Amino acid sequence: MSGERQPTPSQTVGPFFGFALPFEHDYDAGEGEQALRIEGRLTDGQGQSVPDGLIEVWSGDQFARCRTDEEGAFRFVISRPQRRPGDGDAPHLDVAVFARGLLRHLVTRMYLPDESASNAQDRVLRSVDENRRSSLIAERDGQILRFDIRLQGEKETVFFAI
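This write-up is about the structure you can find in this document. These numbers come from a predicted model, not from an experiment.

Our next topic: the overall build of the protein. Assigned secondary structure in the protein consists of three helices and nine strands. Scanning the protein from its N terminus toward the C terminus, one meets helices and strands in the order α-β-β-β-β-β-β-α-α-β-β-β. Taking the contacts inside the protein whose residues are at least 6 apart along the sequence as the reference set, 62% of them involve residues at least 24 apart. In the structure as shown, the protein presents an accessible area of about 9600 Å², 47% of it carried by carbon and sulfur atoms.

To continue, consider the sheet that holds strand β5 (residues 92-98). Taking strand neighbours across the sheet as the criterion, the four strands line up as β3-β2-β5-β6 in an open arrangement whose pairing is antiparallel. Each edge of the open sheet is held by one strand with a lone partner, namely β3 (62-67) and β6 (106-111). Within this sheet the neighbouring strands show an average axis-to-axis angle of 20°, counted without direction.

If you look at the biggest cluster of nonpolar residues, it comprises 25 residues, and the most contacted ones within it are I38, V97, M110 and I149. At the level of secondary structure, the elements contributing two or more residues to this core comprise β1 (35-43), β2 (54-59), β3, β4 (73-79), β5 and β6. Setting aside anything within four residues of it in sequence, one finds M110 in contact with I38, H92, L93, V95, L136, A138, L145 and F147. Counting seven residues, the second-largest nonpolar core is a separate cluster that includes A90, V124, L125 and V158.

What follows is about the environment of Q62. Counting through the fold element by element, Q62 comes out in strand β3. We classify Q62 as buried; its relative accessible area is 14%. Between the C-alpha atoms of Q62 and I78, which are 16 residues apart in sequence, the distance is 7.5 Å. If we ignore the near neighbours within four places in the chain, the residues touching Q62 are A29, V57, I78 and S79.

On to the packing of aromatic side chains. Each pair of aromatic rings is reported with the distance of its centres and the angle of its planes. Under the defined criterion, the tally for this structure stands at one aromatic pair. Their ring planes at 55° and their centres at 5.9 Å tell us that F74 and F76 sit as a pair that is tilted. Each of the two residues, F74 as well as F76, counts as buried.

Scanning all chains against the criterion turns up nine salt bridges. Measuring nitrogen to oxygen at the nearest pair gives 2.9 Å for the salt bridge that ties E39 to R37. With relative accessibility at 22%, the residue E39 sits in the partly exposed group. Judged by relative accessible area, which is 31%, R37 ranks as partly exposed. Taking the shortest distance from any N to any O, the salt bridge between D94 and R109 comes out at 3.7 Å. Here the residue D94 occupies a position in strand β5, and R109 occupies one in strand β6, the gap between them amounting to 15 residues. The exposure class of R109 is buried, given its relative accessible area of 11%. What you see here is one network of salt bridges that share partners, running through D89, D94, R109, D122 and R123.

Quick notes on the rules
- Residues numbered from 1 in each chain as written.
- Predicted model: local features only at pLDDT ≥ 70, side-chain atom pairs only at ≥ 80, totals over all residues.
- Heavy atoms only, no water.
- Helix = DSSP H or I, 4+ residues; strand = E, 2+ residues; numbered from the N terminus.
- Contact = heavy atoms within 4.5 Å.
- Areas by Shrake-Rupley, 256 points an atom, 1.4 Å probe, with all protein chains shown as cover.
- Pairing = 2+ DSSP bridges.
- Axes fitted to C-alpha atoms, helices over the stretch in contact; angles between N-to-C directions.
- Core = buried A, V, L, I, M, F, W, Y, C linked by side-chain atoms within 4.5 Å.
- Buried < 20%, exposed > 50% of the residue type's maximum accessible area, 1.4 Å probe, protein only.
- Phe/Tyr/Trp six-rings, centres within 6.5 Å; stacked < 30°, edge-to-face > 60°.
- Salt bridge = Lys/Arg side-chain N within 4 Å of Asp/Glu carboxyl O.

So this is what it looks like as C-alpha cells:
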C-alpha cells in the first residue's frame, strides 16, 4: 500500500444492500394479537420504484429488515410498539432506509394512526412542520398499516439527522 485510500461502503453508491444482509424471516419480528402487518413502497423523487433498497425497523428489542422488490415494495410483521415510560414519545417504530444513491442511510419514524392523542403530544412529531407530519404516520388499510417512503420531491418523507 502506498498510502492509497480505498472507498468504504458509505463513500460509494451501489446496489449491494439486498444480497449482502438477508437472514431467514428477516421481515417477521412479531406474532399474536399485538402483531402489526406493515406494507409500503420506497420511491424516488419522481415517484419511481426503488427496487434495490433495504428497510430496517425497530422498537425496543424488536428488529426486522426487508429488501424492496421490483415495485419498491416492502413488508413487515412486528409487534405493536409500546409507549416507553417517562420519555413522552408516542408509540412508534424507528426506520432506516438504505438505497442506491444514498451515501449514508436515512432515518425516520413511523407513528401509528390510532394513537392520535399520543401523537399530538410526541416531542419529535411536534417538532416537524405541521404540513409534513402526515409523512410519518402510517395509514390503516383494513388489517394492514400502509407506510410509503418517498426519498425526495413532493410528499417527501421527513428524515432526521442523527
